[in-house]
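Close look at the chain arrangement
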There are 2 protein chains.
Amino acid sequence: MSTPLGTRDRLIRTASRLMTHGGYESTPVKQLVKEAEATLGSLYHFFPGGKQELAVAAIAFGDEEFAEVLALGLASRTDPAEAVEAVAVLLADALRDSAWLDGCPVTATALESVGRMPDLQAACAVAVANWRRLVRERLTAGGLPEEDARDLAVTVISTLEGAEMAAQVEQSQTPLLLAGRHLARLIRSYAPAP
Amino acid sequence: MSTPLGTRDRLIRTASRLMTHGGYESTPVKQLVKEAEATLGSLYHFFPGGKQELAVAAIAFGDEEFAEVLALGLASRTDPAEAVEAVAVLLADALRDSAWLDGCPVTATALESVGRMPDLQAACAVAVANWRRLVRERLTAGGLPEEDARDLAVTVISTLEGAEMAAQVEQSQTPLLLAGRHLARLIRSYAPAP
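A brief report on the enclosed structure follows.

About the cut-offs
- Residues numbered from 1 in each chain as written.
- Chains lettered and ligands numbered in written order.
- Predicted model: local features only at pLDDT ≥ 70, side-chain atom pairs only at ≥ 80, totals over all residues.
- Heavy atoms only, no water.
- Least-squares fit on C-alpha atoms with pLDDT ≥ 70 in both.
- Core = buried A, V, L, I, M, F, W, Y, C linked by side-chain atoms within 4.5 Å.
- Buried < 20%, exposed > 50% of the residue type's maximum accessible area, 1.4 Å probe, protein only.
- Contact = heavy atoms within 4.5 Å.
- Helix = DSSP H or I, 4+ residues; strand = E, 2+ residues; numbered from the N terminus.
- Expected span 1.5 Å × (residues − 1).
- Polar contact = N/O pair within 3.5 Å; in protein donor to acceptor, adjacent residues only side chain to side chain.
- Lys, Arg positive; Asp, Glu negative; His and termini not counted.
- Salt bridge = Lys/Arg side-chain N within 4 Å of Asp/Glu carboxyl O.
- Buried area = accessible area lost by both parts, 1.4 Å probe.

Once that is clear, we can look at the relation of the copies chain A and chain B. Between chain A and chain B, the superposition needs a rotation of 180° and an axial shift of 0.0 Å, giving an RMSD of 0.0 Å. The transformation just described matches what one would write down for a two-fold rotation axis.

This is how it looks when you write it as C-alpha cells:
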C-alpha cells in the first residue's frame, strides 16, 4: 500500500499534469485546486507566492519525472547510440499510452514564460540543463570525447523535445522513432575518445 | 509606400504574433482586438466562429511566414546539408533580433490544442507537414534518395523546433547553431541516390 499523498504533493502533481497538457496560463487556479482535492487556502499556505510559486515547484517535479525516463532509457543499453534510441522508444510508448497527452512537462510552460515570468523561465532552463547533463554523462561514459558529448547532448534533448511535440500533434509515434534512429546514427558518426 | 492592412489582416497578424509568444489560451480576445485596432464586432464579422476560427487563420499565416524563412535558407546554398544549416542560422538570428520572442508560430498553440481543439490541432499538423515537404524536396533535389529524404525531413523539422524552444528559454543562439551543425553532419552521412 502506498501512503496517500499530502496536500502539498497533490497540488504539485496536479499542477505538473495540467501544465504538461496546456501550459501555465490555461491552467486555472480553480481547476487546479479542485483536481488536487485541495483548497485555495492550502495553496497559499504551501505556496505564499501563489500559482506562480506552485508552477515553479511543478516544473521541478516534471524535471525529475522526465529525468527518470531519460535515465531508464540511457541505462538500458551498453552502446551509447542505442541507449539514446531507447529513450526515444520509451517516450513514444508513454505518449501513445497517455492518448498523446503526456508530452514534455516543460515545453508548453517554457514558451509562455519567455520574457514574461523569469522565475518560471529559470526553472525550465534548469530542467533542460539537467536532462542534457544526463545525456552528456552517458555519452562520455560510452567513450565519446568530452566536447562532442557536450554538444551532442544539447541536440539530443532539442530533437527529442521537438519530436515529442510533433508526435503529439499528429498522434503518431513516427516522429519520435525517426528522431531516435537519426540521433543514434549521428552519435555513431563520432569517433570514440582516444 | 505599402498599402495599410485591412482589419481582417490586422486581426490575423496580431493573433499570430500573440499566439507565437504565449499560445492560444493566454491570448485574451480583448487584448487581441485592441492590439489589432479592431472591434469585437469586426472579429465576429470576419470570423463567425470567433477566436478559434481566427486562431486557425493565424496558424495558417504563421505556417506561411515560417515556410518563407525555410525556403530562403534552403535556397541559399547548393549543398543540401549546408542549406539546412543555413536555415538554423537564419532562425537563430531572427530569434536574437526579436529579443528571443519570435519563435515557432505553431509550437505553443499546437501543445494546447492536443486532444482539446481538433480544428487548431489539424491546422498545426498541416503547417508541420508543409515545412517537412519543403525540406524533403530540397534534400531530393540535392541528390538524396526519396525515402531517406522523407525521413530526414521529419527529424530536421523536429530538431529545429526543439532547438528553437531551447534557444528561447536560455536566450542563446547555441542550441540552434548546434542543431544546424549536427543536422548537416547527419545529412552528409547519407549517400546520394545512385
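By size, the foremost hydrophobic cluster in this structure holds 130 residues, and its most contacted members are L70(A), W131(A), L70(B) and W131(B). Residue contacts for L70(B): discarding those within four places in its chain leaves V87(B), W131(B), L134(B), V135(B) and I157(B).

Attention now moves to helix α5 (residues 80–97) of chain B. All names here are of chain B. The end-to-end C-alpha distance of α5, which contains 18 residues, comes to 26 Å, matching closely the 26 Å that a straight helix rising 1.5 Å per residue would cover. Taken together, the buried positions of α5 are P80, A81, A83, V84, A86, V87, A88, L91, A92 and L95. Buried positions along α5 lie against α4 (51–74), α7 (118–141), α8 (146–170) and α9 (174–188). For α5, the N-terminal cap is D79; the gap from its side-chain oxygen to the backbone nitrogen of A81 is 3.2 Å. Where α5 terminates, the next one or two residues include A99, which has phi positive at roughly 55°.

A few words now on the side chain of E164(B). Residue and element names in this part refer to chain B. On the secondary structure map, E164 appears in helix α8. Among buried charged residues, E164 stands out as having no salt bridge; its nearest opposite-charge side chain is R96, 12 Å away. Leave out the neighbours within four places in its chain, and E164 touches F66, L91, L95, G103, C104 and L176.

What follows deals with the interface of chain A and chain B. Between chain A and chain B, the contact holds 43 residues from the first and 43 residues from the second. Buried area between chain A and chain B, summed over both chains or domains, comes out near 3,800 Å², and the portion from carbon and sulfur atoms is 62%. At the boundary of chain A with chain B, the tally comes to four salt bridges. A salt bridge links R181(A) to D151(B), with the shortest nitrogen-to-oxygen separation between them at 3.4 Å. Where chain A touches chain B, the interface holds 14 residue pairs in polar contact (both at pLDDT 80 or more). Elements supplying a minimum of two residues to the side of chain A that touches chain B: α1 (7–22), α6 (107–113), α7 (118–141), α8 (146–170) and α9 (174–188) of chain A. At 14 residues, α8(A) tops the list of elements feeding residues into the side of chain A that touches chain B.

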